[in-house]
Amino acid sequence: MDVDRHLFSAEEIAALGRRLDRPIVLVGMMGVGKSSVGKRLAGLLHCPFVDADDEIERSAQMTIPEIFAQYGEDYFRDGERRVIARLMSEAQGNRVIATGGGAFCNAETRALILEKGIAVWLDSDIDTLVDRTARKSNRPLLRTGDPREILTRLRDERAHHYAHAPIHVISANGPHAHTITKVLQGISQWL
């Protein structure tokens, strides 16, 4: 499946899953692969996957770009904080949660994730982020100028927040299996 099999067997992954007593929460910049990696990671661990952005859209009955356009970023961030608080309180045992790029920058959200979850910072270089974010048009923060400049600025502004996550994994261009293996290694060491 989506893991370097020479490093983790199915039995080892199952044993790791049984040791989890809290959700795995993926944090990091837009385009780093939180949703893609999260879905595959949840599949390996045989647990639910939840994308916080999808939950925000479901709760608001609007897309994220529509929320930004109609109400602005502050309104969106408040809704994001509330949705993540709900997801964290609902999480019983194993669950993988992918957060939006700015979620972990909110002090209240960050404290909640650090207290009740296993925070994993997925990180990428700017070239990878530019390449990946160009594939989707639903990134409101990238509509206001040059995506490379915006991503560089956001990454610089947010890095010190992301650094609070106890697990830091580089998500490079290439198969997600490598990133997932690094996430599993980080969680195993953290536990």
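Residues numbered from 1 in each chain as written. Predicted model: local features only at pLDDT ≥ 70, side-chain atom pairs only at ≥ 80, totals over all residues. Heavy atoms only, no water.

A.B. asks: Which residues make up the overall build of the chain, and what are the values?
C.D. replies: When helices and strands are counted, the chain shows nine helices and five strands. For the chain, the α and β elements follow one another from N to C terminus as α-β-α-β-α-α-α-β-α-β-α-α-β-α. Over its C-alpha trace the chain gives a radius of gyration of 16 Å, about what one expects of a compact globule, namely 16 Å for 191 residues. Counting only C-alpha atoms, the chain reaches 50 × 35 × 30 Å along its principal axes. Counting every position in the chain, which comprises 191 residues, the buried fraction comes to 51%. Put simply, 77% of the contacts in the chain that link residues at least 6 apart link residues at least 24 apart. Carbon and sulfur atoms provide 47% of the accessible area of the chain, an area that totals close to 9200 Å². If the 25 positive side-chain charges of the chain are averaged to one point and the 26 negative ones to another, these points end up 3 Å apart. (Helix = DSSP H or I, 4+ residues; strand = E, 2+ residues; numbered from the N terminus. Rg over C-alpha atoms; globule rule 2.2 N^0.38 Å. Buried < 20%, exposed > 50% of the residue type's maximum accessible area, 1.4 Å probe, protein only. Contact = heavy atoms within 4.5 Å. Areas by Shrake-Rupley, 256 points an atom, 1.4 Å probe, with all protein chains shown as cover. Lys, Arg positive; Asp, Glu negative; His and termini not counted. Charge placed at Lys NZ, Arg CZ, Asp CG, Glu CD.)

A.B. asks: Explain the pairing of strand S1 (residues 24–27) residue by residue, including any values.
C.D. replies: Side chains of S1 alternate between two faces, with Ile 24 and Leu 26 and Val 25 and Val 27 buried alike. Two strands pair when backbone bridges link them, and S1 and strand S3 (residues 96–98) are joined in this way by three bridges, in the parallel orientation. Residue pairing for S3: Leu 26 is matched across the bridge by Ala 98. One ladder, built from four bridges, connects S1 with strand S4 (residues 118–123); its direction is parallel. Residue pairing across strands places Val 25 opposite Ala 119, the latter belonging to S4. (Pairing = 2+ DSSP bridges.)

A.B. asks: Now, about helix H1 (residues 10–19): what can you tell me, with residues and values included?
C.D. replies: Residues lying three or four places apart along an α-helix face the same way, a consequence of the helix completing one turn every 3.6 residues. Where H1 is concerned, the buried positions are Ile 13, Leu 16 and Gly 17. Looking straight down H1, one finds its buried side chains confined to an arc of 100°; they lie on one side. Along H1, exposed side chains directed more than 90 degrees from the buried face belong to Glu 11 and Arg 18. The inward-facing, buried residues of H1 contact helix H2 (34–45) and helix H9 (176–190). (Arc of directions from axis to C-beta.)

A.B. asks: With reference to specific residues and values, describe the pattern of salt bridges.
C.D. replies: All told, the structure shown has 13 salt bridges when counted by the stated rule. Across the salt bridge formed by Arg 81 and Asp 78, the nearest N and O atoms sit 2.5 Å from each other. Of this pair, Arg 81 and Asp 78 are both found in helix H5 (residues 73–90), three residues apart, which corresponds to roughly one turn of the helix. Of the charged contacts, one joins Asp 123 and Arg 155 as a salt bridge, the two residues approaching to 3.1 Å between their closest N and O atoms. In this pair, Asp 123 is assigned in strand S4 and Arg 155 in helix H8 (residues 147–162), connecting sequence segments 32 residues apart. Overall, Asp 123 belongs to the buried group, its relative accessible area being 7%. Arg 155 gets classed as partly exposed once you look at its relative accessible area, which sits at 25%. Taken together, the shared-partner salt bridges connect Glu 55, Arg 58, Arg 86, Glu 90 and Arg 95 into one network. (Salt bridge = Lys/Arg side-chain N within 4 Å of Asp/Glu carboxyl O.)

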